[in-house]
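Here is what each chain is made of, one letter per residue.
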Amino acid sequence: MTHIILSIGLTFLSLFIKLKFEVNVMEILTGTWRVKVGLAQMLKGGVIMDVTSAEQARIAEEAGAVAVMALERVPADIRAQGGVARMADPSKIKEIMRAVSIPVMAKCRIGHFVEAQILEALGVDFIDESEVLTPADESHHIDKHRFTVPFVCGARDLGEALRRIAEGAAMIRTKGEAGTGNVVEAVRHMRLIMDEIRKLTILPKEELVAEAKRLGAPYELVRWVAEHGRLPVPNFAAGGIATPADAALMMQLGAEAVFVGSGIFKSEDPYARAKAIVDAVTYYDNPKILAQISEGLGEPMPGIDIRKLEDKDLLATRGW
Amino acid sequence: MALQGDFQEHLSTLGRLGVEAFPVKDEEGISKVNALVIPGGESTTMGILLTRWGLREIIRERAREGMPILGTCAGMVLLAKQVENIEQPLLGLMNITVRRNAFGRQRDSFECELDIKGLEGPPFKAVFIRAPVITVAAPPVEVLAKIDDKIVLAKEGNLLACAFHPELTEDTRIYRLFLGL
């Protein structure tokens, strides 16, 4: 008898626990496409700044950066020093993560998925699979769908952008030519991407397959862009942006936010310049404000004429 | 409010609801609107821009006059009187204390189904991105949704603070709540 009572009691208890459990447990989905692209959407209208120390990261945050890119060397120094450029030392990245409350990004080499695994394990908020570092794979990029953390990738044209999105990039940026202080390549890439998007929106449907072939991009993504007139992920500008006017130029050309690499901490007065570029991205369509904030910022970083660079020194041609 | 963040997503949702919506980023714009959405984005960036461009006072004044404000994510942080552990410029309009990045870093960002007080129909599909939560809500703040002990939706008079992003999903019920304020 006691056995029966006990077993009935236990059945009720387990049923109660089960019910209670089912009511309380909420299904939590991390690393979804919406959550990855969502963070990129939150960074729109902002400036992401390259920093190489906790102190620089704090200056960037105080100036109004929406995120920082944690690096050991800015692209201008990578360019000057040559050799193989790799992912930053984890202690450097951790130092910067501790210093600020805004998102922290870090770069891994193209195709180097183990560097990406390490960056994810460190807890960085966005990974830049970047042509600024020396590529680790000359045929393949990282399968970015396999990660919980979102990725940003560079592109020079629409085909390249859509190939990266197919691999799982949640944000696209122009490649520009990093570390030159010369915006001409970023302008070229943004104009080309926007032109190719506009072209897709007016092509007759039957021409989209051939256009997908020409672009070297998946048909499904080509059709999506043709229907929506934009990329399926945010489209940012990067590479050679050095002044508030450069930043506003990229915004007027269709960029949704701006990365500034060497342009801030290689200039005479980083804080003043950082602040002015943040203002310029918000008020990119107001020349009066742009005139006011461009005043007295000190010397910008020294620029490089890209026509004087040899082919082997071009970073934008890395990536496939 | 179009200083930074995903205001375009808010504009398109409001447009779908038939509301006349436009981006505002100066005093003239803010003094014209009947209601204001403070979007998701980086609260430090928006707070710095609000202070630097002298928009803080006009928003505070309009809020005191009764203008409805919906703050999502960064917008919720800006509405708060206080942020735990971090010094940053705020609007300080609601009797709430928030904790930023309360669920962790981006790898901990998530989607889930949320029960919301006063909302008819199925649970709300909520998207949390490096989201803040309300840790202290003093009266007359009304708590509308929680995850465990973390408050993620709250109302105080004409102000609605939301830790997640209704602008990233199709469900427009949070906007109806806002438009009814």
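About the thresholds
Residues numbered from 1 in each chain as written. Chains lettered and ligands numbered in written order. Predicted model: local features only at pLDDT ≥ 70, side-chain atom pairs only at ≥ 80, totals over all residues. Heavy atoms only, no water. Axes fitted to C-alpha atoms, helices over the stretch in contact; angles between N-to-C directions. Helix = DSSP H or I, 4+ residues; strand = E, 2+ residues; numbered from the N terminus. Parallel < 35°, antiparallel > 145°, perpendicular 65-115°, else oblique. Left-handed = near helix turned anticlockwise from the far one by under 90°. Contact = heavy atoms within 4.5 Å. Nonpolar A, V, L, I, M, F, W, Y, C, P; charged D, E, K, R; others polar. Buried area = accessible area lost by both parts, 1.4 Å probe. Salt bridge = Lys/Arg side-chain N within 4 Å of Asp/Glu carboxyl O. Polar contact = N/O pair within 3.5 Å; in protein donor to acceptor, adjacent residues only side chain to side chain. Pairing = 2+ DSSP bridges.

Caption draft 1: Structural view of the packing of helix H3 (residues 54-63) of chain A against helix H13 (residues 270-282) of chain A. Residue and element names in this part refer to chain A. The N-to-C vectors of H3 and H13 enclose an angle of 40°; their axes lie 8 Å apart at closest approach. Between H3 and H13, the crossing angle belongs to the class labelled oblique. You can see that H3 and H13 cross each other, and the crossing is right-handed. Facing Ile 59, Glu 62 and Ala 63 of H3, the residues of H13 in contact are Tyr 271, Ala 274, Lys 275 and Val 278. Of the residues that constitute the contact of H3 with H13, the class distribution is five nonpolar, no polar and two charged.

Caption draft 2: Up close: the packing of helix H7 (residues 158-166) of chain A against helix H10 (residues 219-228) of chain A. Residue and element names in this part refer to chain A. With their axes 10 Å apart at the nearest point, H7 and H10 run at an angle of 115° to one another. Considering the relative orientation of H7 and H10, their crossing is right-handed. Contacts from Leu 162, Ile 165 and Ala 166 of H7 reach H10 at Leu 221, Val 222 and Val 225. Classifying every residue of the contact of H7 with H10 gives six nonpolar, no polar and no charged.

Caption draft 3: Molecular detail of the interface of chain B and chain A. Taken together, the 40 residues of chain B in the interface contact 47 residues of chain A. Between chain B and chain A, roughly 3,300 Å² of surface is buried when both sides are summed, and carbon and sulfur atoms account for 55% of that area. At the boundary of chain B with chain A, the tally comes to six salt bridges. The residue Glu 9 of chain B makes a salt bridge to Lys 44 of chain A at a minimum N-O spacing of 2.8 Å. At the junction of chain B and chain A, the tally comes to 27 residue pairs in polar contact (both at pLDDT 80 or more).

Caption draft 4: How the structure looks around the sheet that holds strand E6 (residues 124-128) of chain B. Taken together, the three strands give an open sheet; going across it, the order is E1(A)-E5(B)-E6(B), and neighbouring strands pair in antiparallel fashion. Where the open sheet ends on each side, the last strands, each with one partner, are strand E1 (29-30) of chain A together with E6 of chain B. Pairing between strand E5 (residues 110-114) of chain B and E6 of chain B: five bridges, direction antiparallel. Paired with Glu 113 of chain B across the strands is Lys 125 of chain B, a residue of E6 of chain B.

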